[in-house]
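Tertiary structure, described
For reference, the chains in residue letters:
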Amino acid sequence: RSADAIATNEVSGTILHREAVYDLLRNNSEACFSIIETLCSRTRNASDMFEIQSLTSGNARLARCLMRVAEKWGLQNEDGSILVQQNFSQTDLGELAGIARENANRHLQSWVQAGLITYDKGEITLLSPEVISEYAEL
């Protein structure tokens, strides 16, 4: 396989054999087109990610990463800050942003000192999401 997945929580799965999937797609054009649309969307997303990796700084990539995780797992507080309800190690964030863990650490600590985020044992709160968004060049 070209990719691995690591579960952070307990999961269950089902094995789908190739022939069963082929039979379904042969007999259900709607399912076939849905899969084609999903694959095209993922291809566009991958292309966008490669462009971002080649054209933006590590600072901007990490900021985009934080905005994405905040969008997916964030809970907005009354004061406008966003608590990310999923813990991420510096290694996780570095891999998601396409930068080394050491660089992720440096940027995170800089943002902590500036009062833009809190980061403690993987727990992230964006204290100034609008500034992080500006860093992300969004």
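Overview of the structure. (Residues numbered from 1 in each chain as written. Predicted model: local features only at pLDDT ≥ 70, side-chain atom pairs only at ≥ 80, totals over all residues. Heavy atoms only, no water.)

**Focus on the side chain of serine 81**
We count it as follows: Helix and strand definitions here come from DSSP, where helices need a minimum of 4 consecutive H or I residues and strands a minimum of 2 consecutive E residues; each element is numbered from the N-terminal end. Two N or O atoms count as a polar contact when they lie within 3.5 Å, although within protein this holds only if one can serve as hydrogen donor and the other as acceptor, and sequence-adjacent residues are included solely when both atoms are side-chain atoms. Any two residues having at least one pair of non-hydrogen atoms within 4.5 Å are treated as being in contact.
Along the chain, serine 81 falls in the loop between strand E1 (74-76) and strand E2 (82-84). Separated by 2.6 Å, the side chains of serine 81 and aspartate 79 make a polar contact. Apart from the residues lying within four places of it in its own chain, the contact partners of serine 81 are Leu75, Gln76, Thr125, Leu126 and Leu127.

**Remarks on the pattern of salt bridges**
How we decide: Salt bridge, as applied in this entry: a Lys or Arg side-chain nitrogen positioned within 4 Å of an Asp or Glu carboxyl oxygen. A simple rule labels every residue: compare its accessible area, found with a 1.4 Å probe on the protein chains alone, to the largest value its type can have, and call it buried under 20%, exposed over 50%, or partly exposed in between.
Within the structure shown, the criterion is met by two salt bridges. Here arginine 26 ties to aspartate 23 by a salt bridge, and the two come within 2.7 Å at their closest N and O atoms. Of the two residues, arginine 26 and aspartate 23 both sit in helix H1 (residues 18-27), three residues apart, roughly one turn of that helix. Given a relative accessible area of 36%, aspartate 23 falls into the partly exposed group.

**Some thoughts on the packing of helix H3 (residues 58-73) against helix H5 (residues 101-113)**
Condition: To get an axis, fit a line to the C-alpha atoms, keeping to the stretch in contact for a helix; angles then go from 0 to 180 degrees between the N-to-C directions. Note on angle classes: values under 35 degrees are labelled roughly parallel, values over 145 roughly antiparallel, values of 65 to 115 roughly perpendicular, and the remainder oblique. Each residue gets one of three labels, nonpolar for Ala, Val, Leu, Ile, Met, Phe, Trp, Tyr, Cys and Pro, charged for Asp, Glu, Lys and Arg, and polar for the others, Gly among them.
Their axes nearest at 10 Å, the elements H3 and H5 cross at an angle of 70 degrees. Taken together, the axes of H3 and H5 lie roughly perpendicular to each other. Contacts from Gly58, Asn59, Leu62, Ala63 and Leu66 of H3 reach H5 at Ala104, His107, Leu108 and Trp111. By residue class, the composition of the contact of H3 with H5 is six nonpolar, three polar and no charged.

**So, the environment of asparagine 59**
Mapped onto the elements, asparagine 59 comes out in helix H3. Residues asparagine 59 and arginine 101, 42 residues apart in the sequence, show an inter-C-alpha distance of 12 Å.

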